[in-house]
Amino acid sequence: MLYDCAIIGGGPAGLNAALVLGRARRSVALIDNNRPRNAVTHASHGFITRDGVTPAEFRRVAYEEVLRYPSVHHLPTEVISVTKKESIFEVFDSSGLRVQARKLILATGVKEVFPEIEGFYTFYGKSLFNCPYCDGWELRDQPLVLVSESPAIYHTAKLLLNWSKDLLVCTNGQAFLSDEQKERLQSKGVVVMEQPVAAFIGHHGQLEYASFTDGTQVPRVGGFVTPRFVQSTPFGGDLGCERTESGGIQTDGAGRTSIPGVYAAGDSSYFIPSQLIFAAADGSRTAASVNLDLTEEDFNEC
């Protein structure tokens, strides 16, 4: 079977793209390995009508809705390679399954690479997070820590003051903050520490202390650690798609990449802000582009 579109990735971007295309009566292969990046999250926030939903419940309801449309086929498998032969895409999994499609949406998302700090994963998703818009409300007015090795640390620190004035900012040995920036933060009551973080200490997922390599321990109950984001799969690069400076797949703003017939949606094309509602909206917009392009091709056929 030749599908109108193959979608690799069953997160909010891929699911919403499948929903829009299914409703447009397009045949869709939705290929998903069931390893969502937000699996460690207890609840997802900021999505109207779904605020506080668990990732598992979000996926359950989404698949229930998407698969109501008979032209959408869910393939729960791991894609290992993607090729393009003339105008047709071929997607292969580890068992040798081949899926052919006229268009391809990459909704594979990104992977987080966090600083190597002892104990981090004990607290990640429980009292340490990476997105203040997702989890800042739950930590409001508490003693918080921000650990970032990014040049954007100053912006992030200013942002976090909306949720808590009791803030410890840690550069983890990096020198991204200027003297003026440090002085400005300190004037707001922010404590800035530039020595490396040795460990996070606490019990049962609840942070109690940030420990530093000089032996200092500062009491904290939660906070945010900024990751570096990388593509979850190599498929965009394999197909020759151009990248943005931050490493995302470059699109025209409507999901089309530099390779005809290849589209990117959600976190694959931009890394920040990384929220369900942004990814879902981008999936919808990208699907509309796919449907428009398929419509033009079909209408102009001789």
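Just so it is clear, the model here is predicted, and its values are computed rather than measured. (Residues numbered from 1 in each chain as written. Predicted model: local features only at pLDDT ≥ 70, side-chain atom pairs only at ≥ 80, totals over all residues. Heavy atoms only, no water.)

> What is the right way to read the overall build of the protein from this model?
A tally of regular secondary structure across the protein gives eight helices and 17 strands. For the protein, the C-alpha radius of gyration of 22 Å lies close to 19 Å, the compact-globule estimate for 302 residues. Projecting the C-alpha coordinates of the protein onto the three principal axes gives extents of approximately 70 × 35 × 35 Å. When burial is assessed residue by residue, the protein has 50% of its 302 residues classed as buried. Sequence separation of 24 or more characterises 58% of the internal contacts of the protein that already satisfy a separation of 6 or more. For the protein, the centre of its 27 positive side-chain charges and the centre of its 35 negative side-chain charges are spaced 4 Å apart. (Helix = DSSP H or I, 4+ residues; strand = E, 2+ residues; numbered from the N terminus. Rg over C-alpha atoms; globule rule 2.2 N^0.38 Å. Buried < 20%, exposed > 50% of the residue type's maximum accessible area, 1.4 Å probe, protein only. Contact = heavy atoms within 4.5 Å. Lys, Arg positive; Asp, Glu negative; His and termini not counted. Charge placed at Lys NZ, Arg CZ, Asp CG, Glu CD.)

> Help me understand unusual backbone geometry in this model?
Glycine aside, negative phi is the norm for most residues, and most peptide bonds take the trans geometry. The backbone of R25 sits at a positive phi, close to 65°, despite the residue not being glycine. Take R25: it is sitting in the loop between α1 (12–23) and β2 (28–31). Here the phi dihedral of T49 falls at roughly 75°; this positive angle occurs in a residue that is not glycine. Relative to the helices and strands, T49 is located in the loop between β2 and α2 (55–66).

> Even after reading the chapter, I still don't get the pairing of strand β13 (residues 206–212), so can you show me in this structure?
Sheet faces and side chains relate simply in a regular strand, where the side chains alternate between the two faces. Pairing geometry for strand β12 (residues 197–203) and β13, over six bridges, is antiparallel. In the strand pairing of β13, A199 is matched with S211. What sits between β12 and β13 in their antiparallel hairpin is a turn of two residues, with H204 showing a positive phi close to 55°. Bridge count for β13 against strand β14 (residues 217–219) is three bridges, and the pairing is antiparallel. Paired with Y209 across the bridge in β14 is P219. (Pairing = 2+ DSSP bridges.)

> What am I meant to see in the pairing of strand β6 (residues 98–106) here?
The element β6 is extensively covered by neighbouring structure, given that seven of its nine residues are classed as buried. With six bridges joining them, strand β1 (residues 2–8) and β6 adopt parallel strand pairing. Residue pairing across strands places Y3 opposite A101, the latter belonging to β6. Relative to β6, strand β5 (residues 88–93) runs antiparallel, the two being bridged by four bridges. Bridge assignment links V91 to a residue of β6, and that residue is V99.

> Looking at this structure, how should I read the packing of aromatic side chains?
Both the distance between ring centres and the angle between the ring planes are used here to describe each pair of aromatic rings. Tallying each qualifying case throughout the model produces nine aromatic pairs. With a centroid separation of 5.9 Å and an interplanar angle of 55°, the aromatic rings of F47 and F58 are classed as tilted. Residue F47 is located in the loop between β2 and α2, and its partner F58 is located in helix α2; the two are separated by eleven residues in the primary sequence. The buried category is assigned to F47, whose relative accessible area is 18%. F58 gets classed as buried once you look at its relative accessible area, which sits at 12%. (Phe/Tyr/Trp six-rings, centres within 6.5 Å; stacked < 30°, edge-to-face > 60°.)

> Any chance you could explain the sheet that holds strand β15 (residues 222–225) here in plain terms?
Hydrogen bonding along the main chain pairs the strands of a sheet, whether they run parallel or antiparallel. Read across the sheet, five strands follow the order β8-β15-β9-β10-β11 without closing on themselves; strand pairing throughout is parallel. The two strands at the open ends of the sheet, each matched to only one other strand, are β8 (128–129) and β11 (191–193). Note: β8 against β15, two bridges, orientation parallel. When the sheet's bridge partners are listed, F129 is paired in β15 with F224. Against the sheet, helix α5 (residues 153–160) makes contact with β9 (144–147), β10 (167–170) and β15, and its axis sits at roughly 170° relative to β10, the strand it touches most. (Axes fitted to C-alpha atoms, helices over the stretch in contact; angles between N-to-C directions.)

> I'm lost on a nonpolar patch on the surface in this one. Help?
A surface patch of nonpolar side chains, amounting to about 280 Å² of accessible area, comprises I48, I277 and F278. Mapping F278 onto the fold places it in helix α8 (residues 276–299). (Patch = residues over 30% accessible without salt bridge, like charges linked within 9 Å, V, L, I, M, F, W, Y side chains within 5 Å. Areas by Shrake-Rupley, 256 points an atom, 1.4 Å probe, with all protein chains shown as cover. Salt bridge = Lys/Arg side-chain N within 4 Å of Asp/Glu carboxyl O.)

Read these as spatial facts, not as claims about activity.
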